[in-house]
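Reading the structure
Spelled out, the chains give:
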Amino acid sequence: MNHYLFKYSIESIKEIFVGRSISSVNPISTYEFALNFQNINDAIYVNLSNQNGFIFPADINLKTDLISDVPFFQFIKRKLSHLKMVSIKQTGAERVCYIMFEESRGSIKKYYNLILEIIDRRNNAILTDENWNILQAYKYTNDVTPHLKYKPITSKMPDIFTDDIDKLKNCFKHGENILGINGFLKKHITNEASFIAFVNSARSTFESKRFKLYMYENRYVYPFFIDMDTDIRQIKEREIVEHFILKPKELMFKNEKRHAESVISRRILQLKKRMIKIKNDIKKTENVDHYRILAENLLANPNIETKYKRSITLNDIYTGERIDIVVNPKKDIFGNAEDYFKRYKKLKRGAKIIRSRLVETSNELMFLNQLNFDLNNASNTVELEQIKEIMMDNGLIRYNKKRKRVHYQPYEYRNIDGFDVYIGKNAKGNDYLVTKLASKNDLWFHPRNRPGAHLILKNPNRLKNIDNDVKMKCALAVAESTGNLCQEKIDVDYTFVKYVKKPKDFKTGMVIYSNFKTITVDKNECN
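Description of the structure in this document. (Residues numbered from 1 in each chain as written. Predicted model: local features only at pLDDT ≥ 70, side-chain atom pairs only at ≥ 80, totals over all residues. Heavy atoms only, no water.)

1. Thoughts on the packing of helix α8 (residues 333-377) against helix α9 (residues 381-393)
- Relative orientation of the contacting elements α8 and α9 amounts to 160°, with a least axis distance of 9 Å. It follows from the interaxial angle that α8 and α9 lie roughly antiparallel. Pair α8 / α9 crosses with left-handed handedness. In this structure, α8 contributes Phe367, Leu371, Asp374, Leu375 and Asn377 to the contact, and α9 contributes Glu383, Leu384, Ile387, Ile390 and Met391.
- In terms of residue class, the contact of α8 with α9 is made up of seven nonpolar, one polar and two charged. (Axes fitted to C-alpha atoms, helices over the stretch in contact; angles between N-to-C directions. Helix = DSSP H or I, 4+ residues; strand = E, 2+ residues; numbered from the N terminus. Parallel < 35°, antiparallel > 145°, perpendicular 65-115°, else oblique. Left-handed = near helix turned anticlockwise from the far one by under 90°. Contact = heavy atoms within 4.5 Å. Nonpolar A, V, L, I, M, F, W, Y, C, P; charged D, E, K, R; others polar.)

2. Points about the nonpolar core
- Ranked by size, the top nonpolar core spans 40 residues in total, and within it Tyr4, Leu185, Phe198 and Ile240 carry the most contacts.
- The element that contributes the greatest number of residues to this core is helix α5 (residues 192-208), accounting for five residues.
- Ignoring any residue separated from it by four or fewer positions in sequence, one finds Phe198 in contact with Tyr4, Ile160, Ile181, Leu185, Ile189, Phe224 and Ile226.
- Counting residues in each nonpolar core, the second largest holds 33 residues, with Tyr31, Leu48, Met85 and Ile99 among its members. (Core = buried A, V, L, I, M, F, W, Y, C linked by side-chain atoms within 4.5 Å. Buried < 20%, exposed > 50% of the residue type's maximum accessible area, 1.4 Å probe, protein only.)

3. Points about helix α6 (residues 237-285)
- In this model α6 runs 71 Å from its N-terminal to its C-terminal C-alpha over 49 residues, within 8% of the 72 Å that 1.5 Å per residue would give.
- Roughly 35° is the biggest bend found in α6, and it falls at Lys247, with proline Pro248 one to four residues downstream. (Expected span 1.5 Å × (residues − 1). Bend = angle between axes of the 7 residues up to and from the residue.)

4. Some points on the sheet that holds strand β6 (residues 84-90)
- The sheet built from five strands is open, its strands ordered β6-β7-β8-β9-β10 with antiparallel pairing. What marks the edges here is a single partner per strand, and that holds for β6 and β10 (134-137). Neighbour to neighbour, the strand axes of the sheet diverge by 20° on average, direction disregarded.
- Where helix α1 (residues 3-17) meets the sheet, it contacts β6, β7 (96-105) and β8 (108-117), and its direction lies at approximately 155° from that of β6. (Pairing = 2+ DSSP bridges.)

5. A short note on empty space enclosed by the protein
- What the rule picks out here adds up to two cavities of 30 Å³ or more.
- Put simply, the largest cavity is a space of about 50 Å³.
- Lining the largest cavity, in full, are Tyr31, Lys249, Met252, Phe253, Glu256, Thr381, Leu384 and Glu385.
- Within the residue set of the lining of the largest cavity, elements represented by two or more residues are α6 and α9.
- Sorting elements by how many residues they give to the lining of the largest cavity places α6 first, with four residues.
- Looking at the lining of the largest cavity, its residues break down into four nonpolar, one polar and three charged. (1 Å grid on protein atoms, 1.4 Å probe; cavity = no way out; pocket = protein on both sides within 12 Å on 5 of 7 lines; lining within 4 Å. Points joined across faces, edges and corners; volume = space filled by probe spheres on them.)

6. Re the side chain of Asn182
- As for its position among the elements, Asn182 is in the loop between α3 (165-173) and α4 (183-188).
- Of note is the side chain of Asn182, whose polar atom sits 3.3 Å from the backbone nitrogen of Phe184.
- A distance of 3.3 Å separates polar atoms of two side chains, one belonging to Asn182 and the other to Tyr222.
- If sequence neighbours within four positions are ignored, Asn182 has contacts with Asn2, Tyr220 and Tyr222. (Polar contact = N/O pair within 3.5 Å; in protein donor to acceptor, adjacent residues only side chain to side chain.)

7. Some thoughts on the sheet that holds strand β3 (residues 43-47)
- An order of β1-β2-β3-β4 is seen for the four strands of this open sheet, with the pairing classed as antiparallel. The two strands at the open ends of the sheet, each matched to only one other strand, are β1 (22-27) and β4 (54-58). Averaged over all adjacent pairs, the angle separating strand axes in this sheet is 15°, with direction ignored.
- When strand β2 (residues 32-37) meets β3, the two strands line up antiparallel, connected through five bridges. Paired with Leu35 across the two strands is Ile44, which belongs to β3.
- Sheet strands touched by α1: β2, β3 and β4. Its angle to β4, the strand with the most contacts, is close to 35°.
- Where helix α2 (residues 71-80) meets the sheet, it contacts β1 and β2, and its direction lies at approximately 175° from that of β1.

Quick look at the structure:
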């Protein structure tokens with residue numbers, strides 16, 4: 001966000017919101033929030049991310065289901081809700097603004113200052129009292145800590161709005177940095193005349209407050225016309241919202257979703273290769289008793305000489321048939337029998353380990369398929385963030401200790417013919433429904449042998465026989481959650497929750513169940 005667009009945003013916020021009271025403070029993600037005001041649809045949108053720091057009056061619905069545990073968002077939600085915005089200030093080309101709120105209780109008035117610093121990778125938001133004592137901050141530093149006095153950020157660079165024109169000309173002439181002249185402007189303002197014209201245009205625009213928004217190459221937006229040799233077009237405020245709020249969010253969402261998908265796909269491929277190896281190892285252990293039989297046949301013939309022999313032929317003590325047994329000529333009959341017994345015991349132990357690995361790998365594949373299904377259905381940043389948290393908890397992506405965890409309601413509520421019904425939105429939602437929300441007499445539904453939502457039909461009256469029409473509607477809701485109902489029939493299993501178990505070593509959302517019945521939902525039901 002360049003200095004001039006920031007200054008324009010502050011002027012717009014002053015015109016729209018000063019004198020109005022906040023209706024709510026809404027966290028949008030772990031780095032975004034919106035200040036909503038009473039009797040108006042517009043909101044002040046604030047983005048504190050390192051890449052897209054931004055503040056702007058936006059006329060879009062920015063509410064989410066996010067229950068934020070970002071301490072700063074929780075704090076300003078408590079402190080600023082229903083307070084009146086009395087002023088907003090910004091100086092020169094600095095990208096720091098000071099918003100003052102008034103708390104009025106009878107004749108007693110208290111004031112709070114919300115300071116927004118949109119300074120590239122040092123973006124921050126700080127709340128102070130009327131004496132500028134810091135109460136809370138989005139990011140803490142050595143200078144930004146509760147109970148300290150807030151120290152305004154000041155730049156030693158000459159300011160295009162506040163410094164003398166002769167000083168600015170001298171700085172420009174010697175190639176010195178000027179606050180308000182970024183790399184894009186340096187590229188196109190190449191001589192003193194064009195520099196003076198730019199300064200005069202910027203100053204006169206903000207003095208008269210007659211703004212017109214222009215977009216230049218690389219999506220640079222300025223609230224006044226700059227004569228330069230590049231593509232220029234006049235735009236409306238709505239395009240700023242599109243370019244700087246909605247599109248970056250959409251792009252970031254797509255990139256993060258694509259990355260998560262690639263991580264899951266790689267892990268699924270690894271597990272499929274492991275399954276092939278495990279199945280081959282299982283085939284090797286299928287004839288484990290063969291080595292025991294060979295050892296017992298050798299022990300049944302203790303007088304046979306094995307010296308200088310590579311194999312011996314005996315009558316099988318179990319079948320009576322002639323069998324050839326490979327032996328080690330350096331060992332006697334007992335030593336060879338011991339070797340076969342050792343091989344038998346090793347393969348038997350290995351078979352047990354291999355089969356446990358088969359179960360473990362199969363369970364992880366089921367979990368990853370469910371996670372992949374949830375990821376494909378994720379439609380917003382909050383849902384994606386929760387899936388990424390599941391991935392972190394299960395070691396699929398690196399755990400970031402500094403990461404602020406998101407919380408939101410991971411299930412959907414419906415009412416079906418008077419019954420309360422809850423449908424999981426993802427693996428975490430499925431897990432919550434089964435382990436926390438459901439009672440043992442509730443009914444549980446899930447699509448058989450495929451990823452999909454868990455559904456809980458609440459049964460507070462402990463009815464043993466629930467109407468088939470209600471169960472059919474629940475099965476239809478679950479079948480629809482798979483996304484494949486229009487292509488094929490879906491089998492939906494259901495049972496009482498008391499027959500649904502989650503073993504300790506099972507991953508998020510994974511369960512085993514018994515005593516179930518099945519409803520087949522025909523693909524013709526998809527509409």
